[in-house]
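So you can see what is in the structure, the chains are spelled out below.
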Amino acid sequence: MSKEIVIRTNKLTKRFDDFVAVDEITFDVHKGEIFGFLGANGAGKTTAMRMLCGLSIPTSGEAMVAGYDVFKQPDEIKQNIGYMSQKFSLYEDLSVKENIEFYGGIYGLSNKQIKEKSGELIERLGLHNEADKLVSSLPLGWKQKLSFSVAIVHQPKIVFLDEPTGGVDPAMRRQFWDLIYDAADKGITIFVTTHYLDEAEYCNRVSIMVDGKIEALDSPEGLRKTFSASNMDEVFYKLARKAKRSAD
Amino acid sequence: MRALRFLMQKEFRQMFRDKGFTGRLFIAPAIQLILLPMAANYTIKNINIAIVDHDHSTVSQQLSNKILSSGYFKLADYTDFNSKAGALIENDKADLVLEFPSGFEKNMIRENNQKIAIQVNAINGVKASIGFGYLSGIIADYNNNLRLQWIQPGRTNTMPTIDVVSSYWYNPSLTYYIYMVPAILVSLITGIAGLSAAFNIVKEKEMGTIEQINVTPIKKYEFILGKLIPFLAVGTVVFSFGLLFSWVIYGIKPLGNIAVLYLFMYVFLFAILGFGLLISTYSQTQQQANSIMFLFMMVFNMMSGLYTPIDSMPGWAQVITHLFPISYFIDVMRMVVIKGSGIHDIRMHILFVFLIGLVLNTWAVLNYRKTT
Amino acid sequence: MKQLLSFIRKEFIHVWRDPKTLVMLFGFPIVQIVLFGFALTNEIKYANIVVVDNAKDVASQQIINKIEGSKFFSVQKTLMTPSAIDAAFKEGKIKLAVVFPVNFNTDLLHLNKASIQVIADASDPNTATQLSSYITTIVADYQAQLSPTMSAPYSIVPEVRMLYNPDLKGAPNFVPGVMAMVLLLVCVMMTSVSIVREKELGTMEILLVSPVKPLMVIIAKAIPYLVLSIVNLGVILVLSVYALDVPIKGSVLLLVFESTLLILTALALGLFISTITSSQQSAMFASMLGMMLPTMLLSGYLFPIENMPVVLQVISNIVPARWYYVIVKAVMLKGLGFASIWKETLILAGMAVFFTGLSLRNFKIRLE
């Protein structure tokens, strides 16, 4: 794995009035890596991710994403990342093809590229029969796979996934992770938050946030060793016990 | 700019996919343009009159007939009893009571002067004063004729008379719907084009799709234009449809220049879309947007001069109505469509609505930045 | 009974904890009654008119003085050609022009007959008729004064009494209508939305599987809004009397009783809407479309019902505000007693019972 760094943060902080949502987090993410971002509800995961995507301006600290500064170059960052929020966010009243066309278009793909991409994508997802159907008619698992594929339609350097597999059955989750591996193989860096601790095992490296701070960061194996635990569940509970903030 | 094209394509696709959309675009305006002018008819006619005749003389009969054949009045009752007439006013069966005292004709001849009592239900002041106006006109007219008949030759009529000749310009038949239809069209456009823009944006907020848009390299102004331009198109369609409809159904053809109407409509849409945008920045859910809209639509409808004249409002209320773009547009529609006013006549309207639009849009864009 | 009380308490808490609802409940009505009560009127005051005096003689001057003295007009004197008048109408500067011919006084003295031309901008037909009838009255008045000593033979002198509203103000006509509108809209919308919200959030299921009877659930939902609406009514009445100068001539108790009846009808309607809609959005929409437009247009306070086509007149019978408007006018302005409004009262009561029954039936169907 190459050691090129695509995300680098230094004491990145976000305050809302008195509340410190994200407290001086510092970490690096390497190119092509699958980076797991774990934490209990309210630990600050989503806020941290929103800052990295340019959706929210940090209070202090530094962060570079895809080689650009989150303070000064949010527009350049947006051109180079993909994002999939925990809320399903494709247009339900547009068809599969139309959604791909729309997002391809606003990322500046040419008509030819859009055509190629949507063919390829529909092929990959096996959605031939559904291509012209409205997204609202698809089952949740399909929607999420489609959502992910649309998030990387413009070949971003990094894709941010905010709890992408919430509410989906295990078989579907497997298929979803296959897509993630595919993307990582193509050199797209994956930054993913999740609730499912078994999914953390699929990541190259995992960070665990507690009360706005990063309390641990290592490969899943490394973490198990450090915390002398047999699985990620135990690691997580050992850390989460220290949390003072209640969920939400 | 390429992104803008895709944004607009998306909006149009969503619009036409919405099953209720064509209904909102054509059927609702058609229904309202048919129903509202029928209901909103303030022509004062069919005034119910009760006549209490204690005299039963030729004069009282003649005058009664003249009143009833004037076309303004409908006989509620013809009676001898005051109490009965009073009850008719109390339960709204009669708007006016005319009372001939006994000995009416005899006294008139003997004393040259006889009073006639009229009671008016004045709860609706306008109806009361117009009704009384009609009635006293008829009485005066009858009185003049009576003199001409009765005055013996040789004795000349020394009473000078002044005729008031009224002419009603632009709407000589005093047809009320000519006044209402152009204004109703304004209320329709406000509802359909202006306010649905706000719902549209709030819907993206609620569905979470706006998050997805925010992480793309789309510029704010592109997003806003992508939302506004389709609604400008919707406004144009509804407006054109409404004009055509009022021509076909009501025979109302704008007397003034249609280009002036369209020009003003775009200035108006600029302002009202800015208002919609502003509301969307303040609401998180469609329900919030809905309640805010509800309040504003109600105030707009009641205070914009649609139903009651702005000139009749107290000064402070007039100041408030002059903050609403809709009251300018209603005025302009009535001016250009009915009177044929030109661009010079509405220059201040254009200026004010443009300024209001500028303030609303700037406010909205500033507020929009802050929230994201 | 204890169950019911705890339900009612829960509903009150919902309302109190939600500042937005409170604003809707108390803020809207106050704003509306004040805004509309003052602003909605057809009274004409100081309308801009122009007087074109081509005569410039004693008679024309005397009439002009009379016109200037009237509170209906704000007079501007200029010589204008018809085309200039047209231009002024088009710009919206004036509403009426009074034109005196050149030899006005001479004609009046020698021919005993003269005429004045009144040109009105009839794009607003009502204002036009009103203004020209005011001018006619002023001129007729002048004519009568011309020769007080030699009174005309055989004169019929109308003596008018304007009942209930001698100053012909706008508020007495509009306030009862606004009251109906405000009470109805607030009640219908608040109840329907509050029930549908429970459906949307799924808490209604919990209530329905609890041993509480559906009737209880409905009563518990309705009581807080009933109480709050009565408080609201008090505020509205105080505002009408002290801010808008519309007195209560009849019995206050009767007025409160009749208003409570309207509130009950509104609550029943709200319940009914909540049983046929499934989202807050559509409940809101149904209350708005189903209540606001008919209440505004068909209750008779903005536009006379007798002018409408028969179809609309028939439809207006099912609009509760129409009956309430008649009742309020009778009690508040005319000072009449129950005897003269029992029919309207019965109709309102019938509507309340009908809609309560209908929503109860719908509610039960849901349970099965």
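Residues numbered from 1 in each chain as written. Chains lettered and ligands numbered in written order. Predicted model: local features only at pLDDT ≥ 70, side-chain atom pairs only at ≥ 80, totals over all residues.

### Thoughts on the overall build of chain C
Turning to step 1, where the next piece is worked out: Scanning chain C from terminus to terminus reveals 14 helices and five strands.
Turning to step 2, where the next piece is worked out: In summary, chain C has a C-alpha radius of gyration of 28 Å against a globular reference of 21 Å for 368 residues, an excess of more than 25%.
Turning to step 3, where the next piece is worked out: In terms of principal-axis extent, the alpha carbons of chain C reach across some 95 × 45 × 40 Å.
Turning to step 4, where the next piece is worked out: Classification of the 368 residues of chain C by burial places 46% in the buried group.
Turning to step 5, where the next piece is worked out: Residue pairs at least 24 apart in sequence account for 81% of intrachain contacts in chain C once pairs closer than 6 positions are excluded. (Helix = DSSP H or I, 4+ residues; strand = E, 2+ residues; numbered from the N terminus. Rg over C-alpha atoms; globule rule 2.2 N^0.38 Å. Buried ≥ 20, exposed ≤ 12 C-beta atoms within 10 Å, placed from the backbone. Contact = placed C-beta atoms within 7 Å.)

### Side note on the domain arrangement of chain C
Turning to step 1, where the next piece is worked out: Domain annotation of chain C identifies domain 1 (2–41 + 169–367) and domain 2 (47–146).
Turning to step 2, where the next piece is worked out: Between domain 1 of chain C and domain 2 of chain C, the C-alpha centre-to-centre distance is 48 Å. (Domains from an automatic or database assignment.)

### Considering the sheet that holds strand β1 (residues 5–16) of chain A
Residues and elements named next belong to chain A.
Turning to step 1, where the next piece is worked out: Read from one edge to the other, the open sheet built from four strands follows the order β2-β1-β4-β5, with strand pairing classed as antiparallel. Taken across any chain shown, the strands that pair with only one partner, and hence form the sheet edges, are β2 (19–30) and β5 (68–69).
Turning to step 2, where the next piece is worked out: Here β1 pairs with strand β4 (residues 60–65) via five bridges, running antiparallel. Pairing of T13 across the sheet is with S60, part of β4. (Pairing = 2+ DSSP bridges.)

### Details of the sheet that holds strand β2 (residues 73–77) of chain C
Turning to step 1, where the next piece is worked out: Reading across from one edge, β5(B)-β4(C)-β3(C)-β1(C)-β2(C) is the order of the five strands in this open sheet, with mixed pairing throughout. In this open sheet, the two strands that pair with only one neighbour each are β5 (161–169) of chain B together with β2 of chain C. Averaged over all pairs of adjacent strands, the angle between their axes in this sheet comes to 25°, without regard to strand direction.
Turning to step 2, where the next piece is worked out: The pairing of β5(B) with strand β4 (residues 113–121) of chain C spans nine bridges and is classified as parallel. Note on β4(C): the bridge partner recorded for S166(B) is V118(C). (Axes fitted to C-alpha atoms, helices over the stretch in contact; angles between N-to-C directions.)

### Regarding unusual backbone geometry
Turning to step 1, where the next piece is worked out: Although it is not a glycine, D211(A) adopts a positive phi angle of roughly 50°.
Turning to step 2, where the next piece is worked out: Looking at the element boundaries, D211(A) is found in the loop between β9 (205–210) and β10 (213–218).
Turning to step 3, where the next piece is worked out: C-beta crowding within 10 Å serves as the criterion here: with 18 such atoms nearby, D211(A) is assigned to the partly exposed category.
Turning to step 4, where the next piece is worked out: Phi is positive for K56(C), which is not a glycine, with a value near 50°.
Turning to step 5, where the next piece is worked out: Position of K56(C) relative to the elements: it lies in the loop between β1 (47–53) and α3 (58–69).
Turning to step 6, where the next piece is worked out: Residue classification places K56(C) among the partly exposed positions, given that 13 C-beta atoms sit within 10 Å.

### Describing the packing of helix α7 (residues 176–207) of chain B against helix α9 (residues 220–250) of chain B
Residue and element names in this part refer to chain B.
Turning to step 1, where the next piece is worked out: Two elements in contact, α7 and α9, have axes whose closest approach is 10 Å; the angle formed by their N-to-C orientations is 160°. Classified by the angle their axes make, α7 and α9 are roughly antiparallel. In this structure, α7 meets α9 at a crossing whose hand is right-handed. Contacts between α7 and α9 involve Y177, V181, L185, L188, I189, I192, A193, A197, N200 and I201 from the former and K227, L228, F231, V234, G235, V238, F239, G242, S246 and Y250 from the latter. (Parallel < 35°, antiparallel > 145°, perpendicular 65-115°, else oblique. Left-handed = near helix turned anticlockwise from the far one by under 90°.)

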